[in-house]
Amino acid sequence: MTTAQTQELDVQPTPLALLLLGREADPRSERGVECPGDLPAASDPDLVARARAAKEKLGNKVFVLGHHYQRDEVIQFADVTGDSFKLARDAAARPEAEYIVFCGVHFMAESADILTNDAQKVVLPDLAAGCSMADMATAEQVAECWDVLTEAGVAEQVVPVSYMNSSADIKAFTGRHGGTICTSSNAKRALEWAFRQGEKVLFLPDQHLGRNTAVRDMGMSLDDCVVYNPHRPNGGLSAEELHAAKMILWRGHCSVHGRFSLDSVNDVRARIPGVNVLVHPECKHEVVSAADHVGSTEYIIKALEAAPAGSKWAIGTELNLVRRLANRFAPEGKEVVFLDKTVCFCSTMNRIDLPHLVWTLESLAEGTLVNHIQVDKETETYAKLALERMLALP
């Protein structure tokens, strides 16, 4: 089937029957944290054969990306695995693939669409797979924030830096206003670049990554940071506070990493003598300060690969990755446990399950384009500009 023919296809949404996923609130967690309990049961084994058959039928026309936080039954069909930006770049490096099936969440699929060519179709197996952090900053809220900064007389001094875990609209805002995107791996380099361009940074949408990078990695003080709350007039900040601040942090957080607490760290140290606590920089500042090691998902994986046999690790990141690492390194005598005693995985990431993946692959194999993620051209232009600034970081 040619590209021209696929453009004429009727794009079908996810069937209602595939949209349902159990949810249960954990009152101890920050707003937006969902903790459904243990991992969902594996899907019908017959679906494995169907997924294999559909993927084989598609051949080189399909390229399946699997984020580290995906469940094992989905990861087994990924052509490559990684974090969100690595996967988006991997997709762009496969121009011969007509369909990019992104097993992750919505902002990741948007980034892949921005970085791939126009002939490629990026597909998200479940349109309900969003990201609570990305949803905490809307285009309208951020535009209003910029108006507040302008009225306070500081906007000309501010350079926006937006985390990769943001919508295409927020990335485009960043590009329009001379800013850059960052990942959890290069946030320090992005901030160093930003402070060469201006005197202040508006960091979107994860306050914890922004604060941890500024204070832990760059030597700023907590007093240099203020939090802009989009749900309060003027963000809850006075003009004097905005003038004094170096880091204006958006009031957003990751629903999974936000649940780890200082009690989690103290408890695991009491339970497992000699344990190494390794956490993601999206965790709260007090958790990061109490940890032994801090880094991105790729950093976490490499740290465990380099760890000596017999070492013990408590990992503060998404449950699917922690369990996968525990199973992988158990034969080497490395003990890997989840940092918190309460089992909690990313409920939106887990929406991409085998039934959704099978439906997606079989639909594409039959010539039906489903759940096509497409960023409009103007948004793509400015979002890509911000992404290119990140790629050009020294």
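Residues numbered from 1 in each chain as written. Predicted model: local features only at pLDDT ≥ 70, side-chain atom pairs only at ≥ 80, totals over all residues. Heavy atoms only, no water.

Draft legend 1. Spatial organisation of the sheet that holds strand S6 (residues 180-182). Pairing in this open sheet of 5 strands is parallel, and the strands run S6-S5-S7-S9-S8 from one edge to the other. The outermost strands of the open sheet, each flanked by one partner alone, are S6 and strand S8 (225-228). Averaged over all neighbouring strand pairs, the angle between strand axes comes to 25°, with direction disregarded. For strand S7 (residues 200-204) and strand S9 (residues 247-250), the ladder comprises 3 bridges, and the chain directions are parallel. Residue leucine 202 lies in a different strand from S9, and its bridge partner there is isoleucine 248. Strands in contact with helix H9 (residues 187-197) are strand S5 (158-163), S6, S7 and S9; relative to S5, the strand with the most contacts, it is inclined by about 165°. (Pairing = 2+ DSSP bridges. Helix = DSSP H or I, 4+ residues; strand = E, 2+ residues; numbered from the N terminus. Axes fitted to C-alpha atoms, helices over the stretch in contact; angles between N-to-C directions. Contact = heavy atoms within 4.5 Å.)

Draft legend 2. Seen up close, the sheet that holds strand S2 (residues 80-82). Overall, mixed pairing links the 5 strands, which are arranged S2-S1-S3-S4-S14 in an open sheet. The open sheet terminates on both sides in strands that have one partner only, identified here as S2 and strand S14 (372-373). One ladder, built from 2 bridges, connects strand S4 (residues 121-123) with S14; its direction is antiparallel. In the strand pairing of S14, valine 123 is matched with histidine 372.

Draft legend 3. Spatial organisation of helix H17 (residues 377-391). Compared with an ideal rise of 1.5 Å per residue, which puts 15 residues at 21 Å, H17 spans 20 Å between its outermost C-alpha atoms and is within 8% of the ideal. Of the positions making up H17, those classed as buried are Thr379, Glu380, Ala383, Ala386, Leu387 and Met390. Summarising the axial view, the buried residues of H17 lie within an arc of 130°, below the 170-degree limit, and thus occupy one face. Exposed positions of H17 whose direction lies more than 90 degrees from the buried face are Glu378 and Thr381. Where H17 is buried, its residues touch helix H4 (84-92), helix H5 (106-115), helix H8 (168-176) and S6. Of the residues flanking the start of H17, the one acting as N-cap is aspartate 376, its side-chain oxygen 3.3 Å from the backbone nitrogen of glutamate 378. (Expected span 1.5 Å × (residues − 1). Buried < 20%, exposed > 50% of the residue type's maximum accessible area, 1.4 Å probe, protein only. Arc of directions from axis to C-beta. Polar contact = N/O pair within 3.5 Å; in protein donor to acceptor, adjacent residues only side chain to side chain.)

Draft legend 4. View of the confidence of the model for the chain. Looking at the chain, pLDDT values average 88 and 89% of them are 70 or higher. In this model, residues 1-10 is a region of pLDDT below 50 whose contacts with residues beyond four sequence positions or in other chains number 20 contacts. (pLDDT = per-residue confidence, 0-100.)

Draft legend 5. Highlighting empty space enclosed by the protein. Using the criterion set out here, one finds 1 cavity of 30 Å³ or more in the structure. In this model, the largest cavity occupies a volume close to 30 Å³. Lining the largest cavity are Gln141, Glu144, Tyr228, Pro230, Arg232 and Gly235. Across the lining of the largest cavity, the residue classes break down as 2 nonpolar, 2 polar and 2 charged. (1 Å grid on protein atoms, 1.4 Å probe; cavity = no way out; pocket = protein on both sides within 12 Å on 5 of 7 lines; lining within 4 Å. Points joined across faces, edges and corners; volume = space filled by probe spheres on them. Nonpolar A, V, L, I, M, F, W, Y, C, P; charged D, E, K, R; others polar.)

Draft legend 6. A look at the packing of helix H2 (residues 46-58) against helix H16 (residues 354-365). With their axes 9 Å apart at the nearest point, H2 and H16 run at an angle of 30° to one another. By the angle class used here, H2 and H16 are roughly parallel. Helix-helix and strand crossings are classified by hand; for H2 and H16 the assignment is left-handed. Only Leu354, Pro355, Val358, Leu361, Glu362, Leu364 and Ala365 of H16 make contact with H2, whose side of the interface consists of Leu47, Val48, Arg50, Ala51, Ala54, Lys55, Lys57 and Leu58. Residue composition of the contact of H2 with H16, by class: 11 nonpolar, no polar and 4 charged. (Parallel < 35°, antiparallel > 145°, perpendicular 65-115°, else oblique. Left-handed = near helix turned anticlockwise from the far one by under 90°.)

Draft legend 7. Highlighting the environment of asparagine 186. In this structure, asparagine 186 sits in the loop between S6 and H9. C-alpha separation for the pair asparagine 186 and threonine 213, spaced 27 residues apart in sequence, amounts to 9.7 Å. Apart from the residues lying within four places of it in its own chain, the contact partners of asparagine 186 are Met390 and Leu393.

Draft legend 8. Representation of H9 in the model. Along H9, the residues that are buried comprise Ala187, Ala190, Leu191, Trp193 and Ala194. For H9, the arc enclosing every buried residue in end-on projection is 160°, short of the 170-degree limit, so these residues lie on one face. Against S5, S6, S7, helix H10 (207-217), S9 and H17 lie the buried residues of H9.

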